[in-house]
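# Report on the structure
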4 protein chains.
Amino acid sequence: MSDSLLQSHRYGKRAIRLVHVARDGERHFLTDLDVDIALTGDLESTYLTGDNTGVLTTDAQKNTVYAFAKQYGVERIEDFALLLARHFVRSQPTVSRSRVGISQHRWDRITPQHSFVRQDGERRTVAVTHDADETWVVGGLSGLTLLNSTGSEFRGFVKDEYTTLPETTDRIMATSVSANWRYRETAGDFDTWHADIRRALVTGFAETYSRSLQQTLYAMGEKVLNTCPAVVEVRLSLPNQHHIPVDLSHFGLDNPNEVFVATDQPHGLIEGALMREGVPAADPAWW
Amino acid sequence: MSDSLLQSHRYGKRAIRLVHVARDGERHFLTDLDVDIALTGDLESTYLTGDNTGVLTTDAQKNTVYAFAKQYGVERIEDFALLLARHFVRSQPTVSRSRVGISQHRWDRITPQHSFVRQDGERRTVAVTHDADETWVVGGLSGLTLLNSTGSEFRGFVKDEYTTLPETTDRIMATSVSANWRYRETAGDFDTWHADIRRALVTGFAETYSRSLQQTLYAMGEKVLNTCPAVVEVRLSLPNQHHIPVDLSHFGLDNPNEVFVATDQPHGLIEGALMREGVPAADPAWW
Amino acid sequence: MSDSLLQSHRYGKRAIRLVHVARDGERHFLTDLDVDIALTGDLESTYLTGDNTGVLTTDAQKNTVYAFAKQYGVERIEDFALLLARHFVRSQPTVSRSRVGISQHRWDRITPQHSFVRQDGERRTVAVTHDADETWVVGGLSGLTLLNSTGSEFRGFVKDEYTTLPETTDRIMATSVSANWRYRETAGDFDTWHADIRRALVTGFAETYSRSLQQTLYAMGEKVLNTCPAVVEVRLSLPNQHHIPVDLSHFGLDNPNEVFVATDQPHGLIEGALMREGVPAADPAWW
Amino acid sequence: MSDSLLQSHRYGKRAIRLVHVARDGERHFLTDLDVDIALTGDLESTYLTGDNTGVLTTDAQKNTVYAFAKQYGVERIEDFALLLARHFVRSQPTVSRSRVGISQHRWDRITPQHSFVRQDGERRTVAVTHDADETWVVGGLSGLTLLNSTGSEFRGFVKDEYTTLPETTDRIMATSVSANWRYRETAGDFDTWHADIRRALVTGFAETYSRSLQQTLYAMGEKVLNTCPAVVEVRLSLPNQHHIPVDLSHFGLDNPNEVFVATDQPHGLIEGALMREGVPAADPAWW
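In this text, all values refer to a predicted model and were calculated from it rather than measured experimentally.

A few words now on the overall build of chain A. The secondary structure content of chain A amounts to five helices and eleven strands. Its C-alpha atoms give chain A principal-axis dimensions of about 75 × 65 × 40 Å. Expressed as a percentage of the 287 residues in chain A, the buried residues total 51%. Expressed as a percentage of contacts within chain A between residues at least 6 apart in sequence, the contacts between residues at least 24 apart total 63%.

In this complex, chain B contributes 67 residues to the contact, which on the side of chain A involves 67 residues. Elements with a contribution of two residues or more to the side of chain B that touches chain A: β1 (4–14), β2 (16–24), α1 (44–49), α2 (58–72), α5 (213–227) and β11 (267–276) of chain B. In the side of chain B that touches chain A, the residues fall into 24 nonpolar, 29 polar and 14 charged. Pairing analysis gives ten bridges linking strand β1 (residues 4–14) of chain A to β11 of chain B, with the strands arranged antiparallel.

In this section: the domain arrangement of chain A. Residues and elements named next belong to chain A. One can read the domain layout of chain A as domain 1 (9–133) and domain 2 (135–287). Its C-alpha centre places domain 1 at a distance of 29 Å from the equivalent point of domain 2. On the domain 2 side, the residues contacting the 14 residues of domain 1 number 18 residues. Looking at the side of domain 1 that touches domain 2, the elements with two or more residues in it are α3 (77–91) and β5 (115–131). The dominant element in the side of domain 1 that touches domain 2, judged by the number of residues it contributes, is β5, at ten residues.

With an RMSD of 0.0 Å, the fit of chain B onto chain A corresponds to turning through 180° and sliding 0.0 Å along the axis. Such values leave the two copies arranged in the relation of a two-fold axis. When you check the interface residues of chain B against chain A, 100% turn up at the interface there too, and the contact is symmetric in its surfaces.

In an α-helix, one full turn covers 3.6 residues, which means residues spaced three or four apart are oriented alike. Taking 1.5 Å per residue as the helical rise, helix α5 (residues 213–227) of chain D with its 15 residues ought to reach 21 Å, and the 21 Å between its terminal C-alpha atoms agrees with that figure. The buried count for α5 of chain D comes to 13 of 15 residues, which makes it a mostly enclosed element.

Right, let's talk about the interface of chain A and chain C for a bit. Facing seven residues of chain A, the contacting portion of chain C comprises seven residues. Taken together, the residues of the side of chain A that touches chain C sort by class into two nonpolar, three polar and two charged.

Taking 1.5 Å of rise per residue, the 18 residues of helix α4 (residues 190–207) of chain D would be expected to cover 26 Å, and the 25 Å separating its terminal C-alpha atoms lies within 8% of that figure. Those residues of α4 of chain D that fall on the buried side of the exposure criterion are Phe190, Trp193, His194, Ile197, Ala200, Leu201, Gly204, Phe205 and Ala206 of chain D.

By the secondary structure assignment, Ser149 of chain A is in the loop between β6 (135–148) and β7 (173–183). We classify Ser149 of chain A as buried; it has 26 C-beta atoms within 10 Å.

Relative to chain C, chain A is turned by 180° and slid 0.0 Å along the rotation axis, the superposed coordinates differing by an RMSD of 0.0 Å. Looking at chain A, 100% of its interface residues are interface residues in chain C too, so the copies touch through the same face.

For the peptide bond that leads from Gln265 of chain A to Pro266 of chain A, omega is -10°, which places it in the cis range. For Pro266 of chain A, the position within the fold is in the loop between β10 (259–262) and β11 (267–276). You will see that Ala15 of chain D, though not glycine, has its phi angle at about 60°, which is positive. Mapped onto the fold, Ala15 of chain D is located in the loop between β1 (4–14) and β2 (16–24).

Attention now moves to the pairing of strand β8 (residues 231–240) of chain B. All names here are of chain B. Counting buried residues along β8, nine of its ten residues qualify, which places the element largely inside the surrounding structure. Sheet topology note: the strand β7 (residues 173–183)/β8 ladder contains six bridges and is antiparallel. Opposite Arg182, over in β8, you have Glu233 as the bridge partner. Where β8 and β11 come together, eight bridges link them in antiparallel fashion. Bridge assignment links Ser237 to a residue of β11, and that residue is Glu271.

Let us now look at the environment of Arg106 of chain D. Residues and elements named next belong to chain D. Examined against the element boundaries, Arg106 turns out to sit in strand β4 (residues 95–109). The spacing of Arg106 and Arg155 is 49 residues in sequence and 39 Å in space, taken between C-alpha atoms. Arg106 has contacts with Gln119 and Glu122, leaving out every residue within four places of it along the chain.

Any two packed helices are characterised by the angle at which their axes cross and by the distance between the axes. All names here are of chain C. It is at 8 Å that the axes of helix α4 (residues 190–207) and helix α5 (residues 213–227) come closest, and there the two elements cross at 145°. Remark: the crossing between α4 and α5 carries right-handed chirality. Touching Asp196, Ile197, Ala200, Leu201, Thr203, Gly204 and Phe205 of α4 are Thr216, Ala219, Met220, Lys223, Val224 and Thr227, all from α5. When grouped by side-chain class, the residues that make up the contact of α4 with α5 number seven nonpolar, four polar and two charged.

Rules of the game
Residues numbered from 1 in each chain as written. Chains lettered and ligands numbered in written order. Predicted model: local features only at pLDDT ≥ 70, side-chain atom pairs only at ≥ 80, totals over all residues. Helix = DSSP H or I, 4+ residues; strand = E, 2+ residues; numbered from the N terminus. Buried ≥ 20, exposed ≤ 12 C-beta atoms within 10 Å, placed from the backbone. Contact = placed C-beta atoms within 7 Å. Nonpolar A, V, L, I, M, F, W, Y, C, P; charged D, E, K, R; others polar. Pairing = 2+ DSSP bridges. Domains from an automatic or database assignment. Least-squares fit on C-alpha atoms with pLDDT ≥ 70 in both. Expected span 1.5 Å × (residues − 1). Axes fitted to C-alpha atoms, helices over the stretch in contact; angles between N-to-C directions. Left-handed = near helix turned anticlockwise from the far one by under 90°.

Next up, the structure:
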């Protein structure tokens, strides 16, 4: 009767909150993660008939995260995601592909022993995709908010009938960086790589004299590829967080880029992906 | 020196807040929208060199939304998105593809004239993608939160070493529906279609005796395809909003599914796409 | 050495999520609550020395909510809050005053049996304060968003050197109502009262030709007092959700209040409290 | 006909977003604030009749913030709030009392010149209340999230019939500090004081071996009063952000406080106010 086809599907547990404490005598190490899991495979029957024979419950997926944290520890999120992603495919005959995403909250020490303060906003992230043939590791960061109070212009653009924006040779440029990058390998020095890439993004933003946020995006991505040979592809999503100079002329005051309104709505959004020449695309990595 | 390639890119304005009032004598009609615009095309030079010659500013994109609202009115979001999406490609030689997404806030009348109350949560949505060759209209809704207090079981699943979830023959099933569907055509009776599809989703959820949320997802999608011939593909994303029966045995009380804790973290997430047989895929529609 | 005094203190559990299902054969009744508890009393020693002898754990407070839901059911939030507030003072010698706040999520039926849809945004609320001498019941609602698309002006205000706002004889007025009202009694027909008060607020907003949101606030509060004799005091907090007409003159278009930008930041905020003449104040009710 | 009395009222602008850039040659200084204003006084007539003769528009209040930022600069939020609060009372005959609240976003330098990174989460705050007779300055901070991974126990509490929490001699203690403190004076070295008080809060949390979060709250408050003579009163609000050890015994694993679930709902909330002996209360400061 129906001619419906189940074209694609996946399922899993999201927002698994894991805090792990490792001890070296009096000195503790704190790791604080949000873990997301998605699985797919030979699971049509649960969609079509409710037959759950091949279904690993999302509750068991969650339990696996906690048990693995105890058994293997949680040092680097890239390794922990790899461990989990491989486990689900290896242990479940019905699961052909897994994706494990992790977002790490940062805590800094306030004593050498066991006291910490959380740094909100920026997160280190990873998404590992794994199937029988291939494994992809996509590192990342989100919530890194950067601002240049000068060194940015915006001129020479199209003037159609709806264009009223004045050209400017000096403006604030601000954005909250979301960056994801695909590693060439599935093992390596992820801590150093992440630190190097973060530095490349920050200096790429700060050191580029910008004629558009598009240009800054490309400069940041290029700097990542030039800095870290382990990266073969980088994707950036940069909201343009507009800062509008306030017109103070009604009050007899000029405003040479001193007083701004910061606005959220609307905002620009610039997105771009850069790859090394000759590297094959890897769509499943971004699944 | 660099071997970086700009693989893909797009840019535009997001979160454009538009409220439109139409008047029929004393009787007013209110439309309240969030509009997102993304454009791509022959724009590499702004990324590579900051040459903005071909760049339509995101500010002008925003202005176009407001000017078109005045010139053409805003009756159905599908038509308004089509109008905007076509305009950007048609009017800008550098723009080869546009995407216009709209999310509509619902307001109900409290008087026959000009007083309204907002209904939060559920939104009607649309995403139109347009290029020289083709136009795709993806209708949708989000934030529709449904609950069955019985009529749901979960049994017969895999028991691996990390499975502790007890089987159950009676549980609460709750989800917040995000649904997107691709229309066959770019013109038609979008209001009736949306109402029919919404009803199909709600009754598909309410009337399915559920052995898993996966099964419910498929039943809802199938009902959409069976109900509305104008739809060729539907994609659903259903969080499993767990309601956990409280163990009251410590207090000498049984709890035959009367008292629950509603939890947000973690939650399941079930995703699936259904297509009519023989319909070709349309990746750009989901860009 | 220290001359610090503990001037005031309270403690308790917040954000207790309770979903209760009552059954009348096939027909189910769903209640969905967030419960907050705060207790104070003869508890200085836990603050000063960490002596917990008199401390009822916040975990036990949470358990009490679930156990009482099973034992007594949850029909009206005012009664359930009274039950809990009295219990903590009565059962704990160290607790001299309790406050129980409840915020109710609204679910509407989609079938006569056991399927429901959530209505987000507006909540029914209550806050009961109880001590040995007195009990106060403060009913309320929050998140009721109302808009008049005309029938509002704003003129005749102060023009100081920083005033640039033009006077207007026609504008949109929109607000998200937070209202709290103190009942004269601790028992009565809370369902009818709540419905009557809500209607008074809505019609007070819709039917007042408004010269300022302040005037509308007073009209709404007065209507509550005139409509519901059970109320002795009402407090309103009304954000002015500005809708700014877009200047379309650059595009050769006029804009006679048809096209608006809805803004969040900044917003006005108007607050006011109305009491019946001769009624004594009751500060602890608002603790 | 009506016996309604307007018992109290206030109005103003909220969420005024101000970003200020000061320049010392190539070196820029960035200040990023949210400003809230509330005014009260002889303004009943606008509530009762819509007569706006004495109303300073909230739009003018906003303009004043931007104009003052240009005229006087924005160095310390305490001084800027004082300037604004005094202005409204001084310049408007109908305004008898003003309150100006400011919450400061923190930006750190990434270059010596004009590039910055935002530190989210923690904010420095101030609330100044001013009338003809008196001025109160309440400094503060919010969003300072602290965690001790040991050094916290919870024992010896009441065991009523709803108590199931096991006693523990070792647990994680975590909280997000909201602290407000009243200064003795309206002028002084606010930067140093804020730094000293913040350090007192952090070390008070980290160095207290805690038998309850109540005890930790008092220790933090006492340390503030002992550290900073300029403070006469401090109020703390500390959510208890529960970290629950995961039961791994099903998987043959013990869990000696290594693996935790971090939870948001429900949470404890501990609130307390400490004053120096002999200092008179100052209710309007907390208006």
